[in-house]
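For reference, the chains in residue letters:
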Amino acid sequence: SSGINAEYGGGTVCDDSFTDNSANAICKEMGFTGSARWSSGSRYDLQINLTISLDEVTCSDEDWASCDYSTSHDCSHNEDVFLQCGAGGLELIDENGDSVGAGVEALLTYGGGTVCDDSFTDNSANAICKEMGFTGSARWSNGLKYDLQN
């Protein structure tokens, strides 16, 4: 689940100078709570048919107004940004509070808080995982497992 290929004006976004601030600013500008993760590379055949529209996206904080960028580039498509934005505030985190991806048991949070298990079912787990871009839930459990839950 690498997320989506970031596009601007129908073209791709190059990873030169791209940081977590850039990723968060773009996700927030699109109406999400922030970035869950980002990476770069050449993954889709269609990338070759797109123009590289943005380069040197540099943001001083997580707000798009703080960002500078160039519409000219010195990139190839193996530098295209793939971005996964936080799905409505849902996030899976490990015991250190870091975001994790598929295949890892993690604490489900929403908007920075934990999710209560009252009335939570396999259907709940599958729906949430699908909303977050995964194929579904492999398993779920409840309880106090991480120190950061206190």
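Up top is the structure.
Residues numbered from 1 in each chain as written. Predicted model: local features only at pLDDT ≥ 70, side-chain atom pairs only at ≥ 80, totals over all residues. Heavy atoms only, no water.

**Q** Give me the lowdown on the state of the cysteines, citing residues and values where you can.
**A** Enumeration over the complete set of coordinates arrives at three disulfides. Here Cys-27 engages in a disulfide with Cys-85; their sulfurs sit 2.0 Å apart. Disulfide Cys-27-Cys-85: torsion about the S-S bond near -80°, hence left-handed. Taken together, the residues span a long stretch of sequence, with Cys-27 in helix H1 (residues 20-29) and Cys-85 in strand S7 (residues 81-85) at a distance of 58 residues. Take Cys-27 and Cys-85: they sit in the same class, and that class is buried. Linked covalently through their sulfurs, Cys-59 and Cys-67 form a disulfide whose S-S length is 2.0 Å. Measuring handedness by torsion sign, the sulfur bridge of Cys-59 and Cys-67 sits at about 105° and is right-handed. Looking at Cys-59, the relative accessible area reads 7%, which means it is buried. (Disulfide = S-S within 2.5 Å. Helix = DSSP H or I, 4+ residues; strand = E, 2+ residues; numbered from the N terminus. Buried < 20%, exposed > 50% of the residue type's maximum accessible area, 1.4 Å probe, protein only.)

**Q** How would you summarise the sheet that holds strand S9 (residues 107-110) if you had to cite specific residues and measurements?
**A** One open sheet accounts for three strands, arranged S8-S9-S10; its pairing is antiparallel. The sheet terminates laterally at strand S8 (90-93) and strand S10 (113-114), the two strands that pair on one side only. The sheet contact formed by S9 and S10 spans two bridges and is antiparallel. Bridged to Thr-109 within S10 is Thr-114. (Pairing = 2+ DSSP bridges.)

**Q** So what about the side chain of Asn-24? Which residues, and what values?
**A** With respect to the helices, strands and loops of the structure, Asn-24 is situated in helix H1. For Asn-24, a relative accessible area of 12% corresponds to the buried category. Here Ser-35 takes part through its backbone nitrogen, which lies 2.7 Å from a polar atom of the side chain of Asn-24. Sequence-distant contacts of Asn-24, that is, excluding residues within four places in its chain, are made with Gly-34, Ser-35 and Glu-62. (Polar contact = N/O pair within 3.5 Å; in protein donor to acceptor, adjacent residues only side chain to side chain. Contact = heavy atoms within 4.5 Å.)

**Q** Account for the pattern of salt bridges, with residues named and values stated.
**A** Overall, the coordinates contain two salt bridges when judged by the stated rule. The shortest N-O distance in the salt bridge between Glu-105 and Lys-145 comes to 3.5 Å. With Glu-105 in the loop between S8 and S9 and Lys-145 in the segment after helix H2 (122-131), this pair connects stretches of sequence that are 40 residues apart. A relative accessible area of 43% places Glu-105 in the partly exposed class. (Salt bridge = Lys/Arg side-chain N within 4 Å of Asp/Glu carboxyl O.)

**Q** Quick one: what's the story with the packing of aromatic side chains, residue by residue and with numbers?
**A** Tallied over the entire structure, the rule returns four aromatic pairs. For the pair Phe-18 and Trp-38, a centre-to-centre distance of 4.8 Å together with 70° between the ring planes defines the contact as edge-to-face. Remark: Trp-38 occurs in strand S4 (residues 35-40) and Phe-18 occurs in the loop between strand S3 (11-13) and H1; sequence separation between them is 20 residues. Geometrically, the ring pair formed by Trp-64 and Tyr-69 is stacked, given 5.5 Å between the ring centres and 20° between the ring planes. A relative accessible area of 37% means that Tyr-69 is categorised as partly exposed. A cation sits over an aromatic face here: Arg-43 above Phe-82, 4.2 Å from the ring centre. (Phe/Tyr/Trp six-rings, centres within 6.5 Å; stacked < 30°, edge-to-face > 60°. Lys NZ or Arg CZ within 6 Å of the ring centre and 35° of its normal.)

**Q** Quick rundown of the side chain of His-77? Include the residues and the values.
**A** Within the secondary structure, His-77 sits in the loop between strand S6 (67-70) and S7. Since its relative accessible area comes to 16%, His-77 is described here as buried. Among the polar contacts listed, one links the side chain of His-77 to the side chain of Asp-80, at a separation of 2.8 Å. Contact partners of His-77, with chain neighbours within four places excluded, come to Thr-12, Gly-41, Ser-42, Gln-47, Ile-48, Leu-50 and Ile-52.

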